[in-house]
Amino acid sequence: MSNLALVHTLPKKSVYPQIMSYLNSISNESLNTKKTYLTALQMFFDTTRHKTLENLTEDDLGYNLCEIEQYQQLLLRKYKRTTVNVKMNAVKKLFEKLHKYGLNVDLTAFDVKKVKVHDQESYGSLNPQEMDAIIKFLVDQGKVQQSLLVRLAYETAFRKTSMLDLTWSNFTERAGDVLVRCVGKGNIIDTKRITKTLYQDLLDNKTDDTKVFTFSSSTVQRMMDSINEHFDFGDRSITFHSFKKASIEEVGRLTNNDLKLMQRHGNHASVTTTLTSYLSRKDVEDLVIVDSTFEENENMYVFSLTSGQVYDIIKSMNQEEQERFKEIAKQKGYV
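Bear in mind that the values here come from a model prediction, so they are computed numbers and not experimental data.

Procedures and definitions
- Residues numbered from 1 in each chain as written.
- Predicted model: local features only at pLDDT ≥ 70, side-chain atom pairs only at ≥ 80, totals over all residues.
- Heavy atoms only, no water.
- Helix = DSSP H or I, 4+ residues; strand = E, 2+ residues; numbered from the N terminus.
- Buried < 20%, exposed > 50% of the residue type's maximum accessible area, 1.4 Å probe, protein only.
- Contact = heavy atoms within 4.5 Å.
- Axes fitted to C-alpha atoms, helices over the stretch in contact; angles between N-to-C directions.
- Parallel < 35°, antiparallel > 145°, perpendicular 65-115°, else oblique.
- Left-handed = near helix turned anticlockwise from the far one by under 90°.
- Nonpolar A, V, L, I, M, F, W, Y, C, P; charged D, E, K, R; others polar.
- Expected span 1.5 Å × (residues − 1).
- Core = buried A, V, L, I, M, F, W, Y, C linked by side-chain atoms within 4.5 Å.

## Points about the side chain of E250
At step 1: Its place among the elements puts E250 in helix α11 (residues 241-254).
At step 2: Assessed through its relative accessible area of 14%, E250 is described here as buried.
At step 3: Contact partners of E250, with chain neighbours within four places excluded, come to P128 and Y154.

## Focus: the packing of helix α7 (residues 144-156) against helix α9 (residues 196-204)
At step 1: At a minimum axis distance of 11 Å, the contact between α7 and α9 shows a crossing angle of 150 degrees. Classed by the angle they form, the pair α7 and α9 counts as roughly antiparallel. As for how α7 packs across α9, the hand of that crossing is left-handed. Residue-level inspection shows L148, R151, L152 and E155 of α7 in contact with α9, the latter providing T197, L198, D201 and L202.
At step 2: Partitioned by chemical class, the residues of the contact of α7 with α9 number four nonpolar, one polar and three charged.

## A closer look at helix α2 (residues 16-27)
At step 1: In this model, α2 (twelve residues) spans 16 Å end to end at C-alpha, consistent with the 16 Å of a helix rising 1.5 Å per residue.
At step 2: Among the residues of α2, those classed as buried are Q18, I19, Y22, L23, I26 and S27.

## Here we look at the nonpolar core
If you look at soluble globular proteins, the nonpolar side chains tend to sit buried side by side.
At step 1: One finds F171, F213, M223, I227, F240 and F243 to be the most contacted residues of the largest nonpolar core, which totals 37 residues.
At step 2: Mapped onto this core, the elements with two or more residues apiece are α6 (128-140), α7, α8 (160-164), β2 (177-183), α9, α10 (217-230) and α11.
At step 3: Among the elements that make up this core, the one with the highest residue count is α7 (six residues).
At step 4: Beyond its immediate stretch of four places on either side in the chain, F213 contacts Q145, L148, L149, L152, M163, L164 and L202.

## Observations regarding the environment of M163
At step 1: When you line up the elements, M163 lands in helix α8.
At step 2: Note on M163: relative accessible area 0%, which makes it buried.
At step 3: Remark: the alpha-carbon pair of M163 and C182, spanning 19 residues in sequence, is separated by 7.4 Å.
At step 4: Ignoring any residue separated from it by four or fewer positions in sequence, one finds M163 in contact with L149, L152, A153, T156, F158, F213 and F240.

Honestly, it's all geometry; don't read function into it.
Written out as structure tokens, the structure is:
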């Protein structure tokens, strides 16, 4: 066999060890960041090289500026601008680290500007009726485990990555309550109570002795695509994070917007996050009218209503109005 033939049969050098070294250095700061970056890198190389991380070689690292710009545009057609910047940053930082490791990479290929976020992008929220419809839709589609994931997100406001890492050991029963514990953003431990009904449904649909949910983040993304295709959410941007937002806003509704409880439920380090990102924006139709006429007997008509008429009015109220009515009745000691 000729020397040239020997050269062609030599195995290509894998870069998987260097990639994992990069990711492991990130995990020292945050496991969630490592998982986010891992997902971003898997997507990047699968899209651009049609390879898994394990099969990448040094020959696969040759990118030019045009390729990276095209990939950024591809992401923009599918994700929010802030998400695109995170995914692009993960790739850029990897190549900077590979350069430090001594690999032959062209860093100028990644001189791509971050996409401008004109306004603070917010995740659209969902009301309880919409949450119920989404859960029933998933069940009807035969996606029972995914419907349970959505229910758990709504009851706990946990992040997607945290829930996909849940094991059965994260659940405990104490003093009649079911508690679930997870590692949240910044490696902060978060513990919530959930309904016994949800816990029993999770147990009834158990498919693995260790993991609670046995599907990947890409499966969750396909679920969200299906939900957005089926339902008309208008101009709202509905993502998985919308379930967390809906959960926090539901706590606000049930507690008459107790900010401290909402902050605790969202596991926010600062109440500012709760105020700016998780309270529903109020439209002009939601505003109350402040009357300056001070007519003393303006509301006396209420006392002329019969009990049946009052009952009919209560029945016509929306859920939030009925909950407020019930809260006042409890305060008065009537129920």
